[in-house]
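Here is what each chain is made of, one letter per residue.
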Amino acid sequence: MHTRDVVVVGGGIAGSAIAAALAPAGVDVLVIERQVQYRDKVRGEYLQPWGVAEAQRLGVEQTLLDAGGGYTTRLANYGEDVDPDLAASGAVPLDLLIPGVSGGLNVGHPQASEALSSLAAERGATSLRGVGDVEVDVGGAGRSPSVRYELDGNVEDVQCRLVIGADGRQSTVRRNVGVGLEQVDSKSTLGGMLVRADWPHGTSILGVEGDRHFLIFPRPNGFVRIYLACDSGPRTAGADRAQHMLDAYALESVPDSDRLANAEPAGPCSYYVGSDSWTTSPVPDGVVLAGDAAGWSDPVIGEGLSVALRDARSVSDIMLAGDNWSAAAFAPYVEERAERMRRLRIGGHVSTELRCTFTPEARQRRAAFGERMMSDPMILNLMLSTLAGPETAPAECFTDANVAHVLAG
């Protein structure tokens with residue numbers, strides 16, 4: 001049996017970022033990853049400004065930029081009852097929300113994963129790809145945790161001080177240690193596709209027109225990630241779903257949107273039912289869960305990468321602060337994450353109710369919402385918290401009473 005300080009199961013965003021933070025401090029880290037080549041998961045490609053701040057604290061901002069990432073400095077809200085000129089002039093200045101943060105960062109998920117994995121290896125971590133059949137034993141009775149995995153037909157056993165489960169929504173580690181998840185499905189179905197298009201860089205766009213909520217995230221080199229949140233139906237499944245998504249971008253409310261409607265697909269088109277998920281126990285003895293393995297935010301508000309990097313920074317900070325890696329040492333992470341995800345659930349619920357309800361009454365509410373938001377700090381702070389960080393808004397913004405106030409007609 002081999003021995004390591006830490007075994008990280010999952011070499012994606014969260015797992016590789018943790019390994020990249022620990023390895024330079026002399027921590028002996030093994031990262032095991034199922035995928036030989038990272039694939040386009042059609043989500044998790046936008047870092048909110050608060051997530052960029054976490055990337056800076058982890059020292060990986062430039063790594064993400066070098067992986068093809070780029071900043072958008074403004075977020076514009078278009079729609080069927082919004083004057084396009086006012087939408088452009090009233091865009092949220094993403095580069096002014098957090099000192100030292102240049103805006104929201106758009107980067108390809110497979111490219112970011114590859115770059116962070118390479119960075120972890122450069123800093124001294126050991127990374128293995130193509131790993132299968134992972135089993136975790138949390139130890140106990142004087143035994144240390146251990147991980148058994150298959151690679152190239154051989155079975156390996158590694159003993160360690162700590163196992164970090166960063167292996168995504170269907171986490172093997174989480175199942176092995178018996179941690180359950182709470183889950184609430186959203187009313188929206190979210191689809192995405194990467195396209196090539198002649199589209200201006202610098203502004204991310206969201207809005208509602210008809211029976212669809214659209215989101216546009218431009219990246220350098222002519223790439224644009226487009227998303228569509230709508231009711232599930234024929235256009236979200238089948239061989240024609242990519243064309244249906246392009247057709248949905250023939251928007252009257254967004255100038256030059258025909259460039260997207262006629263864009264060239266550059267990746268798969270997939271749809272997912274939106275959901276929020278969480279656990280109150282992400283640190284069973286000998287194990288820490290991070291990223292989607294510990295629960296996720298509804299992708300419709302684009303918080304996944306930011307959550308992953310906050311997890312990575314929080315976990316690595318605790319581990320580097322001292323020699324105590326017990327469950328008790330991670331209590332601050334557990335407490336902060338629980339409240340963070342609760343606030344994001346509320347922000348996601350409000351955003352979904354506003355933007356993914358396609359009734360005449362909902363349209364009237366959207367038409368009045370912008371003016372209400374700018375004149376009411378309780379509404380404004382709640383909405384900005386999804387951009388600047390869930391901890392930036394007062395606790396009163398996340399009460400049932402305020403949610404009802406925000407969603408009032």
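In the block above lies the structure referred to throughout.
Residues numbered from 1 in each chain as written. Predicted model: local features only at pLDDT ≥ 70, side-chain atom pairs only at ≥ 80, totals over all residues. Heavy atoms only, no water.

Once that is clear, we can look at the overall build of the protein. Tallying secondary structure elements over the protein gives 13 helices and 20 strands in all. Taking the principal axes of the C-alpha coordinates as reference, the protein spans close to 65 × 45 × 40 Å. Counting every position in the protein, which comprises 409 residues, the buried fraction comes to 55%. Long-range contacts, defined here as pairs at least 24 residues apart, represent 72% of the contacts in the protein between residues at least 6 apart. Accessible surface, the protein as shown: approximately 16,600 Å² in total, 49% of it carbon and sulfur. For the protein, the distance from the average site of its 35 positive side-chain charges to the average site of its 53 negative ones is 1 Å. (Helix = DSSP H or I, 4+ residues; strand = E, 2+ residues; numbered from the N terminus. Buried < 20%, exposed > 50% of the residue type's maximum accessible area, 1.4 Å probe, protein only. Contact = heavy atoms within 4.5 Å. Areas by Shrake-Rupley, 256 points an atom, 1.4 Å probe, with all protein chains shown as cover. Lys, Arg positive; Asp, Glu negative; His and termini not counted. Charge placed at Lys NZ, Arg CZ, Asp CG, Glu CD.)

So, about the pattern of salt bridges. Tallied over the entire structure, the rule returns 27 salt bridges. Its salt-bridge partner being Glu209, residue Arg212 comes within 3.5 Å of it at the nearest N-O pair. Each of the two residues, Arg212 as well as Glu209, counts as buried. Several salt bridges converge on common partners, so that one network encompasses Glu54, Arg57, Arg310, Asp311, Arg313, Asp317, Glu336, Arg337, Arg340 and Glu391. (Salt bridge = Lys/Arg side-chain N within 4 Å of Asp/Glu carboxyl O.)

Turning our attention to the packing of aromatic side chains. On inspection of all chains with the given rule, the structure shows 3 aromatic pairs. For the ring pair Phe214 and Tyr249, a centre distance of 6.4 Å and an interplane angle of 70° mean the geometry is edge-to-face. One end of the pair, Phe214, is in strand E16 (residues 212-219); the other, Tyr249, is in the loop between helix H7 (241-248) and helix H8 (258-261), with 35 residues separating them in the sequence. Across the pair, exposure class does not vary: Phe214 and Tyr249 are buried alike. Measuring from centroid to centroid gives 5.9 Å for Phe217 and Tyr227, while their planes differ by 75°, and the two rings are edge-to-face. One end of the pair, Phe217, is in strand E16; the other, Tyr227, is in strand E17 (residues 223-230), with 10 residues separating them in the sequence. With a relative accessible area of 8%, Tyr227 lands in the buried category. Taken together, the ring pairs in this structure connect Tyr46, Phe217 and Tyr227 into an aromatic cluster. (Phe/Tyr/Trp six-rings, centres within 6.5 Å; stacked < 30°, edge-to-face > 60°.)

The next point concerns the sheet that holds strand E8 (residues 104-106). Think of a sheet as strands paired side by side through backbone hydrogen bonds, with each pair either parallel or antiparallel. Read across the open sheet, the 3 strands follow the order E4-E8-E5; overall the sheet is antiparallel. Edge positions in the sheet fall to strand E4 (46-47) and strand E5 (70-72), since each has one partner strand and no second. Both E4 and E8 contribute to a ladder of 2 bridges, which runs antiparallel. Residue Tyr46 lies in a different strand from E8, and its bridge partner there is Asn106. (Pairing = 2+ DSSP bridges.)

Moving on, we come to the nonpolar core. Where a protein is soluble and globular, its nonpolar side chains tend to be buried together. With 55 residues, the main nonpolar core has Met319 and Phe330 as its most contacted residues. Every element with two or more residues in this core is listed here: strand E2 (6-9), helix H1 (13-22), strand E3 (29-33), helix H2 (49-58), helix H5 (109-122), strand E13 (162-165), helix H9 (304-321) and helix H10 (331-355). Beyond its immediate chain neighbours, meaning those up to four positions away, Met319 contacts Val6, Leu22, Leu162, Ile164, Trp325 and Phe330. Judged by nonpolar contacts, the second largest core, of 26 residues, contains Tyr78, Ala91, Val195 and Ala248. (Core = buried A, V, L, I, M, F, W, Y, C linked by side-chain atoms within 4.5 Å.)

Spatial strand order, E1-E12-E11-E10: 4 strands in an open sheet with mixed pairing. Each edge of the sheet is formed by a strand with only one pairing partner; in this case those strands are strand E1 (2-3) and strand E10 (132-137). In this sheet, strand E12 (residues 154-159) lies alongside E1 in parallel orientation, the contact comprising 2 bridges. In the strand pairing of E12, His2 is matched with Val158.

Moving on to the side chain of Ser113. Within the fold, Ser113 resides in helix H5. Classification of Ser113 by relative accessible area gives buried; the value is 0%. Aside from chain neighbours lying at most four places away, what touches Ser113 is Gly11, Gly12, Ile13, Ser16 and Tyr38.

Let us now look at the packing of H10 against helix H12 (residues 377-388). For the pair H10 and H12, the least separation of the axes is 10 Å and the interaxial angle reads 110°. By the angle class used here, H10 and H12 are roughly perpendicular. Of the two elements, H10 crosses H12, and the hand of that crossing is left-handed. Along its contact with H10, which presents Ile346, Gly347, Val350, Ser351, Leu354 and Arg355, the element H12 presents Leu382, Met383 and Thr386. For the contact of H10 with H12, the class distribution of residues is 5 nonpolar, 3 polar and 1 charged. (Axes fitted to C-alpha atoms, helices over the stretch in contact; angles between N-to-C directions. Parallel < 35°, antiparallel > 145°, perpendicular 65-115°, else oblique. Left-handed = near helix turned anticlockwise from the far one by under 90°. Nonpolar A, V, L, I, M, F, W, Y, C, P; charged D, E, K, R; others polar.)

Our focus in this paragraph is H7. When we look at burial in H7, the residues that qualify are Met245, Leu246 and Ala248. Viewed along the axis of H7, the buried residues span an arc of 160°, placing them on a single side of the element. For H7, the secondary structure elements touched by its buried residues are strand E14 (182-196), E16, E17, H8, strand E18 (264-265) and strand E19 (270-278). (Arc of directions from axis to C-beta.)

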